[in-house]
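Geometric and topological summary
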Amino acid sequence: MDLAALKLALEASPHNIPLLLLVAKMHEDQYELAEARALLERVLAIDAAHADALLGLARLLDLAGETSEAVVRLDALCSMKPDFAAAWLLRSRIALDEGEAQLARECYDKAVALDRAVADDELLQAILKAGGGGRRTVMTSAGPMEVDDDEDGPFSGMDAVTARELDLEFRVRADIRFGDVGGMEKVKEDIRMKIIHPLKNPDLFAAYGKKAGGGVMLYGPPGCGKTLLARATAGEIQASFFSIGLHHVLDMYIGESEQKLHKIFELARKAAPSVLFFDEIDALAADRRDMRQSAGRGLINQFLEELDGSRASNEGVLILGATNAPWHVDGAFMRPGRFDRLIFVPPPDEPARQEIARIHARGKPLVDFDPAVVGKKTEGFSGADIMAVFEQATEQALSEAMRKGAVVPVSGKMLAAACKEVKPSTRKWFESAKNYALYANQSGFYDDVLIYLGLKK
Ligand SMILES: Nc1ncnc2c1ncn2[C@@H]1O[C@H](COP(=O)(O)OP(=O)(O)O)[C@@H](O)[C@H]1O
Ligand SMILES: [Mg+2]
């Protein structure tokens, strides 16, 4: 085709998107990247979400050596249109070029799973050669093929891409549900009311003048299932769930963390309805008086700005935080519109401890196991402490098994012994919490703690 003729045609119909794309591709093929890019920008000016134009732009950026910018845009595209095979394929190529063979592999698999037609044996071979291998079945253009593989990582698809791009813990594991979290009926109900229902029925909530959005903070003693509950919430909802370990954000260079935080929020906004989970939020939201570095303050201010959604709307984005040390969280975080809904995650009560024992007993060889006994003997234990009881008892069974050279099941007796050995860990937390609750209980922040301690009705 004649480029000059097409350009004339374009002058006659400057808003013809297929024509713009075609001419852009021709420029690209001649390595006239700037021209190609200008044309794609024109498409995007007409239709900002045009997937082919966005993909083309990412490809041009990559060709021009602006790889990280290409990756950012590509990831945004993949989250906006997760079934776009060609985007995953390009992501795979870039990952391979960047030496991230495993990621390249994950994206490649994703692309081919979406559309067999994009299978590219050459690319796959290059990925395998670069170490993105293991033993499992992959789809090639010739059909399924067995290859070596490592165990599947915790990341998949878009989560993997974004996780690595943002260099963060970004696990989105929808593999557990509320049923895997023992007890805590009240907390689950709170989460249903504050997170799940608003996301599922935004219209209904709107009718009552409520928006799906805003922040919920889980707080309580360590090991009592805050992180677990957040993950289970991901399993309960259909929305995208992003989980961010803040220590990763904090490790970054000054100024860069703010940028990353902004990108995280942008991603969640694009993916709305979505849940953005910040675990161990005290690491970031440390009381500003404790902050010696200005970098910390910059990051906190950035976080507050993102929470307020002043630059971009947070509608449909629920922000979930968790902390063991709410007293280290800057009060500014708790203002209306920010983390204004608090959920106290208490240590498990006796029925909950039975339930947790049952959950941790799943799939283990046990004799004389009575969850009620474990529940009774574990007053003051956190869920993690109960897990430790099972680990301890299992170790004992194992060492006996090795001595005898035969399988020895974990017995009720071993569990009872382990209950004595493992020390309950939640009391210490309450010692601190009690002081804050009694003497620094601004706006009733710690009312639930006082109620739990029987100091308030
Ligand atoms: N309610 C629970 N049901 C089942 N397991 C629990 C429960 N609470 C805690 N656990 C166990 O303890 C571990 C640590 O809990 P986690 O959610 O990380 O606590 P937190 O985030 O509150 O410090 C979990 O991975 C789980 O194995
Ligand atoms: Mg945790």
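Everything in this summary refers to the structure shown in the same document. Only a predicted model underlies this, so the values are computations on that prediction, with no experimental measurement involved.

**Considering the overall build of the protein**
Counting secondary structure elements, the protein contains 21 helices and nine strands. A buried classification covers 48% of the 457 residues belonging to the protein. Pairs at least 24 residues apart make up 67% of the contacts formed inside the protein by residues separated by at least 6 positions. Element-wise, carbon and sulfur atoms account for 52% of the exposed surface of the protein, whose accessible area totals about 22,200 Å².

**Examining the site of ligand 1**
What surrounds ligand 1 is a group of 18 residues, the closest being G182, G223, K226, T227 and L228. Contacts to ligand 1 include G225, whose backbone N or O atom sits 3.1 Å from an oxygen atom. H360 is positioned with one of its side-chain polar atoms (N or O) 3.2 Å from a nitrogen atom of ligand 1. Calculation on ligand 1 without its partners gives an accessible area of 550 Å², and the protein chains cover 83% of this total. Secondary structure elements with two or more residues in the shell around ligand 1: helix 12 (226-236), helix 16 (350-361) and helix 18 (383-404). Its residues assigned to classes, the shell around ligand 1 comprises nine nonpolar, seven polar and two charged.

**Topic: the environment of V449**
Of note, V449 is situated in helix 21 (residues 447-452). Placed 230 residues apart in sequence, V449 and Y219 show a C-alpha to C-alpha distance of 10.0 Å. Sequence-distant contacts of V449, defined by excluding residues within four places in its chain, comprise Y219, F344, W429, F430, A433 and A437.

**Looking at the packing of helix 2 (residues 17-29) against helix 3 (residues 33-46)**
Two packed helices can be described by the angle between their axes and the distance between those axes. Two elements in contact, helix 2 and helix 3, have axes whose closest approach is 8 Å; the angle formed by their N-to-C orientations is 160 degrees. Relative to helix 3, helix 2 is oriented roughly antiparallel. Between helix 2 and helix 3 lies a crossing whose hand is left-handed. Along its contact with helix 2, which presents I17, L20, L21, V23, A24, H27 and E28, the element helix 3 presents E35, A36, L39, L40, R42, V43 and I46. Along the lines of polarity and charge, the residues of the contact of helix 2 with helix 3 split into ten nonpolar, one polar and three charged.

Parameters and conventions
- Residues numbered from 1 in each chain as written.
- Chains lettered and ligands numbered in written order.
- Predicted model: local features only at pLDDT ≥ 70, side-chain atom pairs only at ≥ 80, totals over all residues.
- Heavy atoms only, no water.
- Helix = DSSP H or I, 4+ residues; strand = E, 2+ residues; numbered from the N terminus.
- Buried < 20%, exposed > 50% of the residue type's maximum accessible area, 1.4 Å probe, protein only.
- Contact = heavy atoms within 4.5 Å.
- Areas by Shrake-Rupley, 256 points an atom, 1.4 Å probe, with all protein chains shown as cover.
- Near = heavy atom within 4 Å.
- Polar contact = N/O pair within 3.5 Å; in protein donor to acceptor, adjacent residues only side chain to side chain.
- Nonpolar A, V, L, I, M, F, W, Y, C, P; charged D, E, K, R; others polar.
- Axes fitted to C-alpha atoms, helices over the stretch in contact; angles between N-to-C directions.
- Parallel < 35°, antiparallel > 145°, perpendicular 65-115°, else oblique.
- Left-handed = near helix turned anticlockwise from the far one by under 90°.

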